[in-house]
Amino acid sequence: MKIAIIGAGNLGLSIANGILKSNGATSMYLTKRDTKSIADFEKFDKVTVTDDNRLAVQNSDILIFAVQPVHFAVILESVKDLLTENHVVISTITGFGIEKIEAVIGKDNYIVRSMPNTAISVGKSMTCICSNEKGKKRIDLTKAIFNRMGHSMVIPESQMQAATVICASGVAFWMRLIRATTQGAIQLGFDAKEAQELAMHTCNGAASLLIDSGNHPEEEIDRVTTPMGCTITGLNEMEHQGLSSSLIRGVIASYDKITEFKTK
């Protein structure tokens, strides 16, 4: 696949790394206004680094846009005359709906919105996908791209804001939980490096148990809690201190904020 990533910032480079690690492109164009920070990608034979978005579009079929929302419409306008039946437009831009994309380039294009997270750079992204009517014909192609770098789910566009909070912001939420567990382990006597290793691999194992088994989290909790044991004592104390409530309130607060951005 001939892929262009328009806007090689943090997310764009995470996607680029994920695609390159999975050998998911025959060629790749990376664009950025200042290319100095991404010049190292030129070491890959299949990668071309450029500040010319039109050049990238002309030489690619799959166009992944990862630019700032304020710049997206202008960039689309500048390349829309180059779009052909071969192009698939994939947007990763938060809050920029399909209707707004169609208003710039027209409905007669394959338009897909995707919301990956930064774990895409290590092949572990949870990516949510939706499309316009014509783009439905390229949903399987889009899933094939992102499934090489984790897991994908097709959802209605109306749920993309919520998916951003759960999947994109969610990486930060889980990092904070791992950090808190690390701090607890240090207080129990482990050094900082050991504590983080214990916390992050335990977190990875917990998620893998659910993915592989398909079980509800409470089923796995029941496996490690015994009457009057240390696990249930710890869980109950966390709940007394508002663990679940705080997490839920944080998720809702993030959603309220992202919704506020959309309405402005």
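Residues numbered from 1 in each chain as written. Predicted model: local features only at pLDDT ≥ 70, side-chain atom pairs only at ≥ 80, totals over all residues. Heavy atoms only, no water.

As annotated in an unreviewed UniProt entry, the chain carries the name Pyrroline-5-carboxylate reductase and is attributed to Maribacter caenipelagi. Taken verbatim from the UniProt record of the chain, the Sequence similarities (unreviewed entry) comment is "Belongs to the pyrroline-5-carboxylate reductase family." (UniProt positions renumbered as here; feature names shortened; annotations may be inferred.)

Engineer: Talk me through the overall build of the chain; I want residue IDs and the actual numbers.
Structural biologist: Summing up its helical and strand segments, the chain has 10 helices and 8 strands in all. Each of the three principal axes of the chain carries a C-alpha extent, and together these read 70 × 40 × 35 Å. Taking all 264 residues of the chain together, 39% fall into the buried category. Put simply, of all contacts in the chain between residues at least 6 apart along the chain, 59% involve residues at least 24 apart. For the chain, the accessible surface area stands at approximately 15,300 Å², while carbon and sulfur atoms represent 55% of it. Distance from the positive charge centre (27 side chains) to the negative charge centre (28 side chains) of the chain: 5 Å. (Helix = DSSP H or I, 4+ residues; strand = E, 2+ residues; numbered from the N terminus. Buried < 20%, exposed > 50% of the residue type's maximum accessible area, 1.4 Å probe, protein only. Contact = heavy atoms within 4.5 Å. Areas by Shrake-Rupley, 256 points an atom, 1.4 Å probe, with all protein chains shown as cover. Lys, Arg positive; Asp, Glu negative; His and termini not counted. Charge placed at Lys NZ, Arg CZ, Asp CG, Glu CD.)

Engineer: Please give an account of the nonpolar core that cites residues and values.
Structural biologist: For soluble globular proteins, the rule of thumb is that nonpolar side chains tend to be buried together. I6, L63, F65, F72, L76, I101 and I105 are the most contacted members of the largest nonpolar core, which totals 29 residues. Counting only elements with at least two residues in this core, the list comes to β1 (2-6), α2 (53-58), β4 (62-65), α3 (69-79), α4 (98-105), β6 (110-115), β7 (125-131) and α6 (160-187). Apart from the residues lying within four places of it in its own chain, the contact partners of F72 are F65, V67, S91, I93, F96 and I101. Counting residues in each nonpolar core, the second largest holds 27 residues, with I5, L30, Y110 and I120 among its members. (Core = buried A, V, L, I, M, F, W, Y, C linked by side-chain atoms within 4.5 Å.)

Engineer: Explain unusual backbone geometry to me, using residue names and the numbers behind them.
Structural biologist: With the exception of glycine, most residues fall at negative phi, and the peptide bonds are largely trans. In this structure, N23 is a non-glycine residue whose phi angle is positive, near 55°. Position of N23 among the secondary structure elements: in the loop between α1 (10-21) and β2 (27-31). The exposure class assigned to N23 is exposed, which follows from its relative accessible area of 53%. If you check the backbone angles, M228 has positive phi at about 65° while not being a glycine.

Engineer: Before we move on, can you summarise the packing of α3 against α4 with the specific residues and values?
Structural biologist: Direction vectors running N to C along α3 and α4 enclose 35°, while the axes themselves pass 9 Å from each other. The handedness of the crossing between α3 and α4 comes out as right-handed. Across the interface between the two elements, F72, A73, L76 and E77 of α3 pack against I101, V104 and I105 of α4. (Axes fitted to C-alpha atoms, helices over the stretch in contact; angles between N-to-C directions. Left-handed = near helix turned anticlockwise from the far one by under 90°.)

Engineer: Could you give me a rundown of the UniProt feature "domain: Pyrroline-5-carboxylate reductase dimerisation" (unreviewed entry) in the chain, with the residues and numbers involved?
Structural biologist: Summarizing the sequence annotation, UniProt attributes the feature "domain: Pyrroline-5-carboxylate reductase dimerisation" (unreviewed entry) to residues 157-260 in the numbering used throughout. Along residues 157-260 the backbone is 84% helical and 0% strand, and the end-to-end C-alpha distance reaches 17 Å.

Engineer: Give a description of the UniProt feature "binding site: NADPH" (unreviewed entry) in the chain that names residues and reports values.
Structural biologist: UniProt records the feature "binding site: NADPH" (unreviewed entry) for N53 in the present numbering. Structurally, N53 is set in helix α2. Of the residues examined, N53 reaches a relative accessible area of 18% and is grouped as buried. Aside from chain neighbours lying at most four places away, what touches N53 is I6, T31, I75 and V79.

Engineer: How would you summarise the domain arrangement of the chain if you had to cite specific residues and measurements?
Structural biologist: Taken as a whole, the chain is organised into domain 1 (2-154) and domain 2 (164-261). Facing the 7 residues of domain 1 at the interface are 5 residues of domain 2. The junction of domain 1 with domain 2 conceals about 450 Å² of combined surface from both sides, 75% of it contributed by carbon and sulfur atoms. When residues of domain 1 are sorted by the area they lose upon contact with domain 2, T94, M115 and N117 head the list and together hold 66% of the total. Run the count over domain 1 and domain 2 and you get 0 salt bridges. For the interface between domain 1 and domain 2, the tally reads 1 residue pair in polar contact (both at pLDDT 80 or more). (Domains from an automatic or database assignment. Buried area = accessible area lost by both parts, 1.4 Å probe. Salt bridge = Lys/Arg side-chain N within 4 Å of Asp/Glu carboxyl O. Polar contact = N/O pair within 3.5 Å; in protein donor to acceptor, adjacent residues only side chain to side chain.)

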